[in-house]
Amino acid sequence: MRIDENLIWLESVDSTNRYALENFNELPDAALVAASEQTAGRGRHGRCWVSPPNTNLYASFVMKRPGSNPAMSSMAASLGALDTFRKFAPEIGFWLKWPNDIFVGECKIAGILCEARTGQSGIVAGIGANINMPSALLQKIDQPATSLLQETGVKLNVKKFANQLALKLIEYYITYSISPEQLFEHWRNENMLLGQTVEVFTGSDTVKGTVCDIGRNGELILSDGVNKKTLYSGDIKINKNSIDFDLIKRKLNS
Ligand code: BTN
C-alpha cells in the first residue's frame, strides 16, 4: 500500500467501496482509496462493475462530514469525475445523466455508487471510470459503454487521472460543505435530461414521461402531461428519438 497525502493506492482488492467502508474510521476524511484492479467491483442495483487490472480507475472517496443531504455527496462525486474527464479530453462532449452517470453520446464512461454503513455517519462515494478499456472489453459490458481511450485514441496514465480526480473531489466536497445550494445548482445545470422524454426503469416499474425538474434530494420529477411523478432511483433508457443530442452539444458549447 502506498500513501500520497490523501490518495491510497491498493494493487488488488475485491471492492474499493467495501475496503473504504470497512476501514472508514482509520482512513482520513477526504481520502481517495484507489486500486489497480477489483475482483468483485460493485455497481448500482446489485450489478457488478467490470474491473480488469491496470486498465481503468476504481476509486472510493471518503466523506466523513456528508452534511444533512446524502444525495449531494453523489452530486459532488459526479461533478468531480465530470471535471476530471473534461480536463483530460476537453474536446469530448461528456455529459451527466441522472442520477450520476457520465456519458459520451449514448455510451456510459463512468458510474458512481454511494454507500454507507448503518450506525456510521459518513459516506463512501465509489467512482468507476473507464480509462484505457479497449473496444473488445467494452463490448462485453451489458450496456453501451465507452472509455477515454476509445474516444481519444490515446492511452492515459490512470494514476494521473486519479490525482486530478482527488483534487476535484476535495474541491466539490468543500463547495458542498460551505454552499450546498451552489453545488446543487451546478449539478442541476449539468443534467442534460431536463425537458427530455424518457423511460425510467425503477426495478419494479417502467415510468414514461418528460423530465420537468430535478430536486435537491436528487429526485427526478417526471410529467406525463397530466400528473407528476417523483423518482429517487432508476435507470433511464436513452431513446434515440427522444434524446436531443444536438441540444446537448449546444449546451456544451455555450
Ligand atoms: C454504477 O453502477 O454505475 C456504479 C458503478 C460504481 C463502480 C465503482 S468502482 C469503485 C467503487 N468500488 C466498487 O465496488 N464500486 C465502485
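Rules behind the numbers
- Residues numbered from 1 in each chain as written.
- Predicted model: local features only at pLDDT ≥ 70, side-chain atom pairs only at ≥ 80, totals over all residues.
- Heavy atoms only, no water.
- Helix = DSSP H or I, 4+ residues; strand = E, 2+ residues; numbered from the N terminus.
- Rg over C-alpha atoms; globule rule 2.2 N^0.38 Å.
- Buried < 20%, exposed > 50% of the residue type's maximum accessible area, 1.4 Å probe, protein only.
- Pairing = 2+ DSSP bridges.
- Axes fitted to C-alpha atoms, helices over the stretch in contact; angles between N-to-C directions.
- Parallel < 35°, antiparallel > 145°, perpendicular 65-115°, else oblique.
- Left-handed = near helix turned anticlockwise from the far one by under 90°.
- Contact = heavy atoms within 4.5 Å.
- Domains from an automatic or database assignment.
- Buried area = accessible area lost by both parts, 1.4 Å probe.
- Salt bridge = Lys/Arg side-chain N within 4 Å of Asp/Glu carboxyl O.
- Arc of directions from axis to C-beta.
- Near = heavy atom within 4 Å.
- Polar contact = N/O pair within 3.5 Å; in protein donor to acceptor, adjacent residues only side chain to side chain.
- Areas by Shrake-Rupley, 256 points an atom, 1.4 Å probe, with all protein chains shown as cover.
- Nonpolar A, V, L, I, M, F, W, Y, C, P; charged D, E, K, R; others polar.
- Phe/Tyr/Trp six-rings, centres within 6.5 Å; stacked < 30°, edge-to-face > 60°.
- Lys NZ or Arg CZ within 6 Å of the ring centre and 35° of its normal.

### Focus on the overall build of the protein chain
1) Next: Of regular secondary structure, the protein chain possesses 7 helices and 13 strands.
2) Next: For a compact globule of 254 residues, the expected C-alpha radius of gyration is about 18 Å, and the protein chain comes in at 17 Å, within 12% of that figure.
3) Next: Seen along its three principal axes, the alpha-carbon backbone of the protein chain occupies a region of about 55 × 40 × 35 Å.
4) Next: Put simply, the protein chain has 254 residues, and 54% of those count as buried.

### Comments concerning the sheet that holds strand 13 (residues 235-237)
Two modes of strand pairing occur in sheets, parallel and antiparallel, and in both the strands are linked by backbone hydrogen bonds.
1) Next: Reading across the sheet, the 5 strands line up as 12-11-10-9-13 and stay open at both edges, with antiparallel pairing between neighbours. Unpaired on one side and paired on the other, strand 12 (228-231) and strand 13 mark the two borders of the sheet. Neighbour-to-neighbour, the strand axes of this sheet turn through a mean angle of 50°, independent of strand direction.

### What about the packing of helix 2 (residues 71-88) against helix 5 (residues 158-178)?
1) Next: At a closest axis distance of 8 Å, the pairing of helix 2 and helix 5 adopts a crossing angle of 140°. Considering their axes alone, helix 2 and helix 5 lie oblique with respect to each other. Crossing of helix 2 against helix 5: the hand is right-handed. In contact with M72, S73, A76, A77, L79, G80, A81, D83, T84, F85, K87 and F88 of helix 2, helix 5 contributes K160, F161, Q164, L165, K168, L169, Y172 and Y176.

### Topic: the domain arrangement of the protein chain
1) Next: Taken as a whole, the protein chain is organised into domain 1 (3-189) and domain 2 (194-253).
2) Next: Placing the centre of domain 1 and that of domain 2 at their C-alpha centroids yields a distance of 23 Å.
3) Next: The interface is formed by 23 residues belonging to domain 1 together with 23 residues belonging to domain 2.
4) Next: For the pair domain 1 and domain 2, the summed buried surface comes to about 1800 Å²; carbon and sulfur atoms form 61% of the total.
5) Next: Of all residues in domain 1, the largest losses of buried area upon contact with domain 2 belong to W98, E106 and R188, amounting jointly to 40% of the total for that side.
6) Next: Scanning the region where domain 1 abuts domain 2 turns up 4 salt bridges.
7) Next: Notably, a salt bridge pairs D213 with R188, separated by 2.7 Å at the nearest N-O pair.

### Quick word on helix 6 (residues 180-190)
1) Next: If you check which residues of helix 6 are buried, you get L183, F184, W187 and E190. Buried positions in helix 6, seen along its axis, are confined to an arc of 130° and lie on one side of it. Relative to its buried face, helix 6 has exposed residues pointing more than 90 degrees away, namely Q182 and N189.
2) Next: Those residues of helix 6 that are buried are in contact with helix 2, strand 5 (94-97), helix 5 and strand 10 (206-214).

### Focus: the pairing of strand 9 (residues 197-201)
1) Next: Sheet analysis places strand 9 next to strand 10, joined by 5 bridges and oriented antiparallel. What sits directly across from T197, in strand 10, is T210.
2) Next: The hairpin turn running from strand 9 into strand 10, its antiparallel successor, is 4 residues long, and G203 in that turn takes a positive phi close to 110°.
3) Next: Note: strand 9 against strand 13, 3 bridges, orientation antiparallel. Paired with F201 across the two strands is D235, which belongs to strand 13.

### Digging into the site of the ligand
1) Next: The immediate surroundings of the ligand are formed by 20 residues, with S15, Q38, R42, R44 and K108 found nearest.
2) Next: A distance of 2.7 Å separates an oxygen atom of the ligand from a polar atom in the backbone of R44.
3) Next: Out of a free accessible area of 420 Å², the ligand has 99% covered by protein chains.
4) Next: For the shell around the ligand, the elements supplying multiple residues, two or more each, are helix 1 (16-22), strand 4 (57-63), strand 7 (107-115) and strand 8 (123-129).
5) Next: Looking at which element gives the most residues to the shell around the ligand, the answer is strand 7, with 4 residues.
6) Next: Tallied by class, residues from the shell around the ligand come to 6 nonpolar, 10 polar and 4 charged.

### What to know about the packing of aromatic side chains
1) Next: In total, this model carries 6 aromatic pairs according to the counting rule given.
2) Next: Judged by centre distance (6.4 Å) and plane angle (35°), the rings of F184 and W187 are tilted. Highlighted residues: F184 and W187, both in helix 6, separated by 3 residues, approximately one helical turn.
3) Next: The exposure class of W187 is buried, given its relative accessible area of 1%.
4) Next: One aromatic cluster is present, built from ring pairs that chain together F85, F88, F94 and F161.
5) Next: The aromatic ring of F24 is capped on one face by K64, whose charged end is 5.3 Å from the ring centroid.
6) Next: Cation over ring: K159 sits above W9, and NZ or CZ is 4.8 Å from the ring centre.

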